[in-house]
Amino acid sequence: MNPSTRSLLIWLAGSCLLVIGLSLIFAHAPVPFRRLGILYAAFGVACGAGLKWFMRELSLKRTPLLTVLAVLIVFTGGGHLGWVSYQNLKSVRTEMRQQYSEQLAMLNFVEGAADEETKKEFDKLRREFDPAFGDYLEFRVSPLGSWKAPWPLLLWLGELTIASAIAVWILTREPPLQDRIVNEQINQNEKVDP
C-alpha cells in the first residue's frame, strides 16, 4: 500500500473516532453551552482543529478529497451529536412518564370521549412525554417561537452545514510560515525519495 494512501486511511479512521468522541462530549455539555447555533459552531471549531492536527501529524497535503472527507465526517458527527442529544431528552422524558404514569393512564381513558380540541391537547402532552426526533428539533427551536415542520429540520441541517464549513475553513486555512517551511521540506523529501 502506498504510504500516502496509508496515511490517508489512518487520518480517516482517527478523524472518525475524534468526531464521534467530540459528538458524545458535546451532547452532554451543560445547558448554557447548548444554545442554538453555538453548540454546533463550537463543535465545528473542535473538529476542524482536531482534523488539522491529524493532517499535520501524518504529513498529509490538503487535497480536494481530504476536504470532501472532512465535510462528510463533520456533518455525520454533527448528526450523531443531534441523535445523542435526542436520546438524552428521550430518557429524561421517559423518567417523567414513569412518574406520571397514573395521570397518563387517565388521559388515555378520557381521550376516547374527547372532542377534537381536547385530542390536540392530549397529543401535545403525549409528544412531551414520548418525543419523536422531529419533536426534539421543535423543542430546540422553541426559544425562537413556535416553528412547525420542516423549519426545525432545516435549521438543524443549517447548523450541521455551518459546523462543517467552520471545520473545513480551519482545515484549509493557510498555515503559519513555520508550517509552510515544514510542508516544503516534506515536498522536497517526496521528490528525492521515489
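Rules and cut-offs
Residues numbered from 1 in each chain as written. Predicted model: local features only at pLDDT ≥ 70, side-chain atom pairs only at ≥ 80, totals over all residues. Heavy atoms only, no water. Helix = DSSP H or I, 4+ residues; strand = E, 2+ residues; numbered from the N terminus. Buried < 20%, exposed > 50% of the residue type's maximum accessible area, 1.4 Å probe, protein only. Areas by Shrake-Rupley, 256 points an atom, 1.4 Å probe, with all protein chains shown as cover. pLDDT = per-residue confidence, 0-100. Axes fitted to C-alpha atoms, helices over the stretch in contact; angles between N-to-C directions. Left-handed = near helix turned anticlockwise from the far one by under 90°. Contact = heavy atoms within 4.5 Å. Nonpolar A, V, L, I, M, F, W, Y, C, P; charged D, E, K, R; others polar. Expected span 1.5 Å × (residues − 1). Phe/Tyr/Trp six-rings, centres within 6.5 Å; stacked < 30°, edge-to-face > 60°. Lys NZ or Arg CZ within 6 Å of the ring centre and 35° of its normal. Parallel < 35°, antiparallel > 145°, perpendicular 65-115°, else oblique. Core = buried A, V, L, I, M, F, W, Y, C linked by side-chain atoms within 4.5 Å.

**Examining the overall build of the protein chain**
Here comes step 1: Along its length, the protein chain carries eight helices and zero strands.
Here comes step 2: Out of the 194 residues belonging to the protein chain, those deemed buried represent 30%.
Here comes step 3: Summed over all atoms, the accessible surface of the protein chain reaches about 12,300 Å², with 65% contributed by carbon and sulfur.

**A word on the confidence of the model for the protein chain**
Here comes step 1: Predicted confidence across the protein chain gives a mean pLDDT of 82, with 80% of residues reaching 70 or more.
Here comes step 2: In the model of the protein chain, helix α4 (residues 101-111) stands out as the element of lowest mean pLDDT, 62, in contrast to helix α7 (residues 151-172), which has the highest, 94.

**What to know about the packing of helix α2 (residues 38-57) against α7**
Here comes step 1: Running from N to C, α2 and α7 cross one another at 35 degrees; their axes reach a closest spacing of 7 Å. Considering the relative orientation of α2 and α7, their crossing is right-handed. In this structure, α2 contributes Y40, A41, F43, G44, V45, C47, G48, A49, L51, K52 and M55 to the contact, and α7 contributes W156, E159, L160, A163, I166, A167, I170 and L171.
Here comes step 2: Split by residue class, the contact of α2 with α7 holds 15 nonpolar, two polar and two charged.

**Quick notes on α2**
Here comes step 1: Here α2 spans 29 Å end to end across 20 residues, near enough to the 28 Å set by a 1.5 Å rise per residue.
Here comes step 2: All of the buried residues in α2 are L39, Y40, F43, G44, C47, G48, G50, L51, K52, F54 and M55.
Here comes step 3: Immediately beyond the C-terminal end of α2, within one or two residues, lies S59, with a positive phi of roughly 55 degrees.

**Re the packing of aromatic side chains**
Here comes step 1: Enumeration over the complete set of coordinates arrives at eight aromatic pairs.
Here comes step 2: Both rings, one in F133 and one in Y136, keep their centres 5.8 Å apart while their planes meet at 40 degrees; by these two values the pair is tilted. Pair noted here: F133 and Y136 are both in helix α6 (residues 133-141), with a separation of three residues, about one helical turn.
Here comes step 3: In this structure Y136 comes out as buried when scored by relative accessible area, which is 4%.
Here comes step 4: Put simply, the rings of W83, Y86, F133, Y136 and W156 pair up and form one aromatic cluster.
Here comes step 5: Of note, R93 hangs over the ring of F139, and the distance from its end group to the ring centre comes to 5.4 Å.

**Observations concerning the packing of α6 against α7**
Here comes step 1: Where α6 meets α7, the axes come as close as 9 Å, and the angle between the chain directions of the two elements is 75 degrees. As far as their axial angle goes, α7 and α6 are roughly perpendicular. Residues F133, L137, E138, R140 and V141 of α6 pack against P152, L153, L155, W156 and E159 of α7.
Here comes step 2: Among the residues forming the contact of α6 with α7, the class breakdown is seven nonpolar, no polar and three charged.

**Description of the nonpolar core**
Here comes step 1: Ranked by size, the top nonpolar core spans 31 residues in total, and within it W11, Y40, F43, C47, V74 and L81 carry the most contacts.
Here comes step 2: At the level of elements, α1 (3-27), α2, α3 (64-99), α6 and α7 are the ones that each hand at least two residues to this core.
Here comes step 3: Among the elements that line this core, the one with the most residues is α3, at nine residues.
Here comes step 4: Each residue touching V74, except ones within four places of it in the same chain, is listed here: F43, C47, L51, A163, S164 and A167.

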